[in-house]
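One letter stands for each residue in the lines below.
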Amino acid sequence: MRRLAPTDADAFRLLARSWAATVTVVTARQKPGVKLPGVGELDGFTATGFLTVSIEPPIILISATNEGSSRLMLNDPAGFAVNLLAPHQDELASEFARIQPERPELWKRFPWIEDADGAPLLGGTVGAFSARVRQLIPAGDHTLVLGDVTAIHLSDAGEAETLVYHNRGYGRFARAKT
C-alpha cells in the first residue's frame, strides 16, 4: 500500500470514489419573504454525504458544498428533506447533481408533494426525512448540516433497495454470498 499526502487531490478523489453510498436528493424551500439571488423558491441537490447521527433525539447530517445548488441549505431554509432514491431514479439523481442556477423545470418534470414545512418530498423514493437545521459546521469547501428530524416518510411499498453511487456510476446493492 502506497502512502500519499492528504493534499494529493487526485489520490483523495480516487479513494473517495471507492466508497459506495446511498444516493439522496436534499430538497428545501426558502422561507416566505426571502429571495436569495440566483436561487429558486424550491431547490435541491444530489448528495451521497448523508448519515444518521442520533436516534434519540433523531438527528441527521448532510454534507453540502459551499457553492451551487446547496446554497439554499446554508441560508436558513424553512425546512429541508433528505429523499432516499430508489434504484430506478438515476436520471433524477443526475439532474439534481448538475450545478446550475434556478431550475424550475425540474420541479415540473419530477413529481413531488410538500411536507408540513413546505419542503419538497420527491415521488417514487424509498422514503424521506423531513428536518429543520440544527447547526451548520464549516468544513473546508463544504458545510456539514445537522438537522433535527421532524417527520419520517416511508414508501407504501415498505422496505426497499436504494440507489447506490460507486466509482462515478449508479447501481444497486448486491448482497455477498455467506
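Everything discussed here concerns the structure shown above.
Residues numbered from 1 in each chain as written. Predicted model: local features only at pLDDT ≥ 70, side-chain atom pairs only at ≥ 80, totals over all residues. Heavy atoms only, no water.

Engineer: Quick question: what am I supposed to make of the overall build of the protein here?
Structural biologist: Scanning the protein from terminus to terminus reveals three helices and 12 strands. Out of the 178 residues in the protein, the part that is buried amounts to 39%. At a minimum sequence separation of 6, the contacts of the protein that also span at least 24 residues come to 66%. Roughly 10,800 Å² of accessible area belongs to the protein as shown, and the carbon and sulfur atoms make up 56% of that amount. (Helix = DSSP H or I, 4+ residues; strand = E, 2+ residues; numbered from the N terminus. Buried < 20%, exposed > 50% of the residue type's maximum accessible area, 1.4 Å probe, protein only. Contact = heavy atoms within 4.5 Å. Areas by Shrake-Rupley, 256 points an atom, 1.4 Å probe, with all protein chains shown as cover.)

Engineer: Quick question: what am I supposed to make of the pattern of salt bridges here?
Structural biologist: A side chain of one charge can pair with a side chain of the opposite charge if their charged atoms are brought near each other. With the rule as written, the count across this model stands at seven salt bridges. Salt-bridge contacts for R109 lead to E91; the nearest nitrogen and oxygen are separated by 2.6 Å. Taken as a pair, R109 in helix α3 (residues 104-109) and E91 in helix α2 (residues 90-97) lie far apart in primary sequence, 18 residues in all. Classification of R109 as partly exposed rests on a relative accessible area of 42%. For E91, a relative accessible area of 47% translates into the label partly exposed. (Salt bridge = Lys/Arg side-chain N within 4 Å of Asp/Glu carboxyl O.)

Engineer: Please clarify how the sheet that holds strand β9 (residues 127-139) should be interpreted in this entry.
Structural biologist: Within a beta sheet, neighbouring strands are joined by backbone hydrogen bonds and run either parallel or antiparallel to one another. On the basis of which strands lie adjacent, the open sheet formed by seven strands has the order β3-β2-β6-β9-β10-β5-β4 and antiparallel pairing. Edge strands, defined here as strands with exactly one partner in the open sheet, are β3 (42-47) and β4 (50-54). Along the sheet, successive strands turn relative to each other by an average axial angle of 35°, direction set aside. One ladder, built from five bridges, connects strand β6 (residues 79-84) with β9; its direction is antiparallel. Bridge pairing links N83 to A128 in β9. Each of β2 (24-29) and β3 touches α2; the most contacted strand, β3, lies at about 110° to it. (Pairing = 2+ DSSP bridges. Axes fitted to C-alpha atoms, helices over the stretch in contact; angles between N-to-C directions.)

Engineer: Would you take a moment to explain the layout of surface pockets for this structure?
Structural biologist: The gaps of empty space that remain are located by a probe, the size of a water molecule, rolled over the atoms. Here the largest pocket defines a volume of roughly 1,600 Å³. Looking at the largest pocket, it is lined by 38 residues, and the ones nearest its centre are T46, A47, T48, G49 and H142. Breaking the lining of the largest pocket down by element, the ones donating at least two residues are α1 (9-17), β1 (21-22), β3, β4, β5 (59-65), α2, β9 and β10 (142-154). Broken down by element, the residue count for the lining of the largest pocket peaks at five residues, all from α1. When the residues that make up the lining of the largest pocket are grouped by side-chain class, the tally is 20 nonpolar, 12 polar and six charged. (1 Å grid on protein atoms, 1.4 Å probe; cavity = no way out; pocket = protein on both sides within 12 Å on 5 of 7 lines; lining within 4 Å. Points joined across faces, edges and corners; volume = space filled by probe spheres on them. Nonpolar A, V, L, I, M, F, W, Y, C, P; charged D, E, K, R; others polar.)

Engineer: Looking at this structure, I do not really get the pairing of β4. What am I missing?
Structural biologist: One face of the sheet, then the other: side chains in a regular strand alternate in exactly this way. Relative to β5, β4 is paired through four bridges, and the arrangement is antiparallel. Paired with T52 across the two strands is I60, which belongs to β5. Here β4 folds back onto β5, and the loop between the two strands holds four residues.

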